[in-house]
Amino acid sequence: MDNLKIDRALEYVKQITEKNHGDLPDWNRYQDMVKNLLSDPSDRRFKMPHEYYYAFLRAKGMTHEECLERMGLPVRKKQQTEKKSFWKFW
């Protein structure tokens, strides 16, 4: 995912929410709005960009990790390993 596109998508979701008095539209309406925004003239089925799906999920109140899990993308979890001293052999 491209961070610049994510920023644009988050800004777009913010504008939509402000126009709807703080409410986010349902998924089908949001998908139609994004399709019109991106002006996809093709007759084939519209595929929602990951960045706009991510922005929608973040607006729903999910964390970054929850969004990635929901989207089916790999989540990098921080490994908590204790530091072992180099000089400790036992």
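Everything numeric in this text was worked out from a predicted model, so none of it was measured.

So, how was this worked out
- Residues numbered from 1 in each chain as written.
- Predicted model: local features only at pLDDT ≥ 70, side-chain atom pairs only at ≥ 80, totals over all residues.
- Heavy atoms only, no water.
- Helix = DSSP H or I, 4+ residues; strand = E, 2+ residues; numbered from the N terminus.
- Buried < 20%, exposed > 50% of the residue type's maximum accessible area, 1.4 Å probe, protein only.
- Areas by Shrake-Rupley, 256 points an atom, 1.4 Å probe, with all protein chains shown as cover.
- Phe/Tyr/Trp six-rings, centres within 6.5 Å; stacked < 30°, edge-to-face > 60°.
- Arc of directions from axis to C-beta.
- Contact = heavy atoms within 4.5 Å.
- Axes fitted to C-alpha atoms, helices over the stretch in contact; angles between N-to-C directions.
- Parallel < 35°, antiparallel > 145°, perpendicular 65-115°, else oblique.
- Left-handed = near helix turned anticlockwise from the far one by under 90°.
- Nonpolar A, V, L, I, M, F, W, Y, C, P; charged D, E, K, R; others polar.

A. Spotlight on the overall build of the protein chain. The helix and strand tally for the protein chain stands at 4 helices and 0 strands. Along the protein chain, helices and strands appear, N-terminal first, in the series α-α-α-α. The buried share among the 90 residues of the protein chain stands at 24%. As displayed, the protein chain has an accessible area near 7800 Å², and 48% of this comes from carbon and sulfur atoms.

B. Region of interest: the packing of aromatic side chains. In this structure the tally under the stated criterion is 5 aromatic pairs. Between tyrosine 12 and tyrosine 52, the aromatic rings sit 6.3 Å apart at their centres with planes inclined by 75°, giving edge-to-face as the arrangement. Residue tyrosine 12 is located in helix H1 (residues 3–19), and its partner tyrosine 52 is located in helix H3 (residues 50–59); the two are separated by 40 residues in the primary sequence. For tyrosine 12, a relative accessible area of 15% puts it in the buried group. By way of ring pairs, the aromatic residues Trp27, Tyr30, Tyr53 and Phe56 are connected into one cluster.

C. How the structure looks around helix H4 (residues 64–71). Considered for burial, the residues of H4 that qualify are Cys67, Leu68 and Met71. Down the axis of H4, the smallest arc covering the buried residues is 95°, so these residues share one side. The exposed set on the far side of H4, more than 90 degrees from its buried face, consists of Glu69 and Arg70. Considering only its buried residues, H4 is in contact with H3. Positive phi shows up at glycine 72, right after H4, with a value of about 85°.

D. Expanded view of unusual backbone geometry. Positive phi, close to 55°, is recorded for histidine 21, a residue that is not glycine. The class of histidine 21 is exposed, set by a relative accessible area of 75%.

E. Layout of the packing of helix H2 (residues 27–38) against H3. Two numbers describe how H2 lies on H3: the axes approach to 11 Å, and their chain directions differ by 140°. Classed by the angle they form, the pair H2 and H3 counts as oblique. Regarding H2 and H3, the two cross each other, and that crossing is right-handed. Packed against H2, whose contacting residues are Trp27, Tyr30, Val34, Leu37 and Leu38, the element H3 presents Tyr52, Tyr53, Ala55 and Phe56 at the interface. Residue composition of the contact of H2 with H3, by class: 9 nonpolar, no polar and no charged.

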